[in-house]
Amino acid sequence: MLDLIREIGQAMRNNKLRTFLTGFAVTWGIFMLIILLGMARGVTNSFAERTSGDRSKRLNVYSGVTSKPYKGFKEGRWITPDVDDIERLKADNPDLVESVASYKYLGSTDIASVTDHISKSPEGVYPAEQEMYRIPMLYGRFINDADLRSLRKVMVIGSDDAKTLFGDAEKAVGQRVNAFGLSWLVTGVYDHEWLSDVYIPFTTAMAIGGTDGKVSNLQVKLKGMKTMEDADRATSEVRRSLARAHDYDESDESALYMHNRFSSYLRESQSFSILNMSIWIIGIFTLLSGIVGVSNIMFVSVRERTHEIGIRRAIGAKPRSVLLQVVLESVAITALFGYIGVFLGMTVMQLVDMAFGSSDFMRNPTIDISIAIEVTIVLVMAGALAGLFPALKATKVKPVEALRDE
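Residues numbered from 1 in each chain as written. Predicted model: local features only at pLDDT ≥ 70, side-chain atom pairs only at ≥ 80, totals over all residues. Heavy atoms only, no water.

Engineer: Hey, could you go over the overall build of the protein chain for me, with residue numbers and the actual values?
Structural biologist: Within the protein chain, the regular secondary structure consists of 14 helices and 13 strands. Evaluated residue by residue, the protein chain yields a buried proportion of 44% over its 406 residues. Nonlocal contacts in the protein chain, meaning residues at least 24 apart in sequence, comprise 74% of its contacts between residues at least 6 apart. Of the accessible surface of the protein chain, which amounts to about 20700 Å², a share of 59% is contributed by carbon and sulfur atoms. (Helix = DSSP H or I, 4+ residues; strand = E, 2+ residues; numbered from the N terminus. Buried < 20%, exposed > 50% of the residue type's maximum accessible area, 1.4 Å probe, protein only. Contact = heavy atoms within 4.5 Å. Areas by Shrake-Rupley, 256 points an atom, 1.4 Å probe, with all protein chains shown as cover.)

Following this line, the structure appears as C-alpha cells:
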C-alpha cells in the first residue's frame, strides 16, 4: 500500500503544472458547491425558524365582500368576523381547532406618563400574540388569560416608548399611564426588531371600543395538521362554520379571506427541497468540468507510462492492480484539490455567518458534518469515475507492444 501511495505521489510531482491546473478546476467546482449549499442552508434555516413549532399551524380569517347572491341577499355584502366566532369555531370543529384568538385595533390616542406622552393606537390581543410574533420581553410579562377574564386595564409597551415615557425601560414596569381617560398599569416592556405596538387585553379593547362585536380578524390555531389534505379540510370546515353563522354561500371564497399558514408552509418547504436539489445539480455540473480535466490528465498519464505499465505486466502484475493504481491516482487528485475547495468554502461561509448569520433572511449558513460527508462521497465517486476509463485503457496495454513503445 505504501508503494502505491509513493507511486501516486511521484506521478503527481512529475506533472506539477498539469496536475495543479486540473486540480484547480476541481477546487473551484467544490468551492462553488459549498458556497451554494451554505447559502441555501442559511435561507432554509431562516425559514425553519420563522415557521417552527405551532406558528405554521394557523389559519387567519379576514373581512371580505361576497361575490355570490345567497338566500335573497345580493352579492357585494361586507362580511366581518365577530367575537362570537371565537367560541363557535372551537365548538363546531373540536378535532381541527385547538384555539381561536383575535385582535382589536383602537383609534389613536395619547398615552401619557407624569413626565411625557406618546401617540399610539393600542391593540387588544390574546396571549397567543406573543408566540405568533415572537415578542421577547425585556421586563415584566405579556398579556395573560387572567387579564382577559377580568378585563384588566394593563398595558405592554415597546422599549423605545418606555424610555420616552419613563426615561428608563426597566423603571416602566409597575408604573401607570393615562389613555382613553383611564389609568393603565404597565405590566411589561418588550424589545422587537420591527414591532412597536402597544398591547392591551382583547376583552378590555372590545369593552372600550363600544362596537357591535366585530373584530379585526380571527387567528385559528389548528391541530392534527400533517398533509396538504389536512390543511384544505381545515380551511373548508372553518369556512363552512362561518358561512352558516354569517349567511353566505360556503363556496364563496371572497366573502371572508382565509390564509392557511400550514398550506403555505408545505408549499414553501417543497420549494426549498427543489432549491437544494437544484443547487446539487448545478454544483455537480460545475464540478464536472474539473472531473473531465482529471480524466484527461489520467489518459495522458497512461499514455506516457505505457512502457512502465508494459514492464509491470511482463513481470506478473495483474490487470486489476494496474486498474487500481490509475483509479486511486484519480481519486487522490480529486480528493486533494476537492478538500482544498471544501476548506476554502467553509472558511468563506464562516465569514458570511459572522456578518449575516443572525439576520432575518439567513440563519447559520455554515456547513455541518453531514454535508461534508456528502461532499466526500461525491469527491470519491467523481474521482473514481474520472479514472475509470483511463484505467480500463491501461489494463488493455499488451506487454509486448508496450515494451516496444518509446
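Engineer: Lay out the side chain of Lys104 in plain terms, naming residues and giving numbers.
Structural biologist: Within the fold, Lys104 resides in strand β3 (residues 97-105). Relative accessible area serves as the criterion here: at 11%, Lys104 is assigned to the buried category. At 3.1 Å, the side chain of Lys104 and the backbone oxygen of Lys214 are in polar contact. (Polar contact = N/O pair within 3.5 Å; in protein donor to acceptor, adjacent residues only side chain to side chain.)

Engineer: How would you sum up the pattern of salt bridges? Please name residues and give values.
Structural biologist: On inspection of all chains with the given rule, the structure shows 10 salt bridges. Linking Glu237 and Arg240 is a salt bridge whose minimum nitrogen-to-oxygen distance equals 2.8 Å. Placement of the pair is Glu237 and Arg240 together in helix α9 (residues 228-246), with a separation of three residues, close to one helical turn. Residue Glu237 is classed as partly exposed on the basis of its relative accessible area of 25%. The exposure class of Arg240 is partly exposed, given its relative accessible area of 27%. Across the salt bridge formed by Arg240 and Glu250, the nearest N and O atoms sit 3.3 Å from each other. Placement of Arg240 in helix α9 and of Glu250 in the loop between α9 and β13 (256-260) is noted, with a sequence separation of 10 residues between them. On the accessibility criterion, Glu250 (38% relative accessible area) is partly exposed. Each of Arg141, Asp147 and Arg152 takes part in salt bridges that share partners, so that together they form one network. (Salt bridge = Lys/Arg side-chain N within 4 Å of Asp/Glu carboxyl O.)

Engineer: Outline the layout of surface pockets, supporting the account with residue identities and numerical values.
Structural biologist: Each pocket or cavity is described by its volume, and for the second largest pocket that value is around 220 Å³. For the lining of the second largest pocket, the elements supplying multiple residues, two or more each, are α3 (84-92), β3 and α5 (145-150). (1 Å grid on protein atoms, 1.4 Å probe; cavity = no way out; pocket = protein on both sides within 12 Å on 5 of 7 lines; lining within 4 Å. Points joined across faces, edges and corners; volume = space filled by probe spheres on them.)

Engineer: Which residues make up the side chain of Ser264, and what are the values?
Structural biologist: Its place among the elements puts Ser264 in helix α10 (residues 261-304). Reaching out from Ser264, the side chain makes a polar contact with the side chain of His259 at a distance of 3.1 Å.

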